Amino acid sequence: MSYEAAREELVEVVRKLEAGGTTLEESLALWERGESLATTCQSWLEGARERLAKAQEATAEKSK
């Protein structure tokens, strides 16, 4: 799942939770899905940070 898709679904999950009107079971399922999506987003962001750091290091090495 792409970062954008995970983030979009996470926003929708949060919206549903904030709106209320769901059963406890539905709320728990939404919460669990939200946690999974948040983990996916975090993994993508960490990977992007690592790639950026490597690219910056490579650029710095080339300019030496």
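Our subject is the structure listed above.
On a predicted model such as this, the values are computed, not experimentally measured, just so you know.

**Q** Please explain the overall build of the protein as it appears in this structure.
**A** Counting its secondary structure elements, the protein contains 2 helices and 0 strands. Here the C-alpha radius of gyration of the protein, 18 Å, is well above what a compact globule of 64 residues would show, namely 11 Å. Taken over the C-alpha atoms alone, the protein extends approximately 60 × 15 × 15 Å along its principal axes. By the burial criterion, 9% of the 64 residues in the protein qualify as buried. Between the centroid of the 9 positive side chains of the protein and the centroid of its 13 negative side chains there is a distance of 10 Å.

**Q** Could you clarify how one ought to interpret the packing of helix H1 (residues 3-19) against helix H2 (residues 24-62) in this entry?
**A** With their axes 9 Å apart at the nearest point, H1 and H2 run at an angle of 150° to one another. Classified by the angle their axes make, H1 and H2 are roughly antiparallel. The handedness of the crossing between H1 and H2 is left-handed. In this structure, H1 uses Tyr3, Ala6, Arg7, Glu9, Leu10, Val13, Lys16 and Leu17 to contact H2, whose residues at the interface are Ser27, Leu30, Trp31, Arg33, Gly34, Leu37, Ala38, Thr40, Cys41, Trp44 and Leu45. Along the lines of polarity and charge, the residues of the contact of H1 with H2 split into 12 nonpolar, 3 polar and 4 charged.

**Q** Is there a simple way to explain the nonpolar core in this structure?
**A** If you look at soluble globular proteins, the nonpolar side chains tend to sit buried side by side. Within the largest apolar cluster, 5 residues are counted, these being Ala6, Val13, Leu30, Leu37 and Cys41. For this core, the secondary structure elements donating two or more residues are H1 and H2. Not counting residues up to four positions away in its chain, the partners in contact with Leu30 are Val13, Lys16, Leu17 and Thr22.

Rules behind the numbers
Residues numbered from 1 in each chain as written. Predicted model: local features only at pLDDT ≥ 70, side-chain atom pairs only at ≥ 80, totals over all residues. Heavy atoms only, no water. Helix = DSSP H or I, 4+ residues; strand = E, 2+ residues; numbered from the N terminus. Rg over C-alpha atoms; globule rule 2.2 N^0.38 Å. Buried < 20%, exposed > 50% of the residue type's maximum accessible area, 1.4 Å probe, protein only. Lys, Arg positive; Asp, Glu negative; His and termini not counted. Charge placed at Lys NZ, Arg CZ, Asp CG, Glu CD. Axes fitted to C-alpha atoms, helices over the stretch in contact; angles between N-to-C directions. Parallel < 35°, antiparallel > 145°, perpendicular 65-115°, else oblique. Left-handed = near helix turned anticlockwise from the far one by under 90°. Contact = heavy atoms within 4.5 Å. Nonpolar A, V, L, I, M, F, W, Y, C, P; charged D, E, K, R; others polar. Core = buried A, V, L, I, M, F, W, Y, C linked by side-chain atoms within 4.5 Å.

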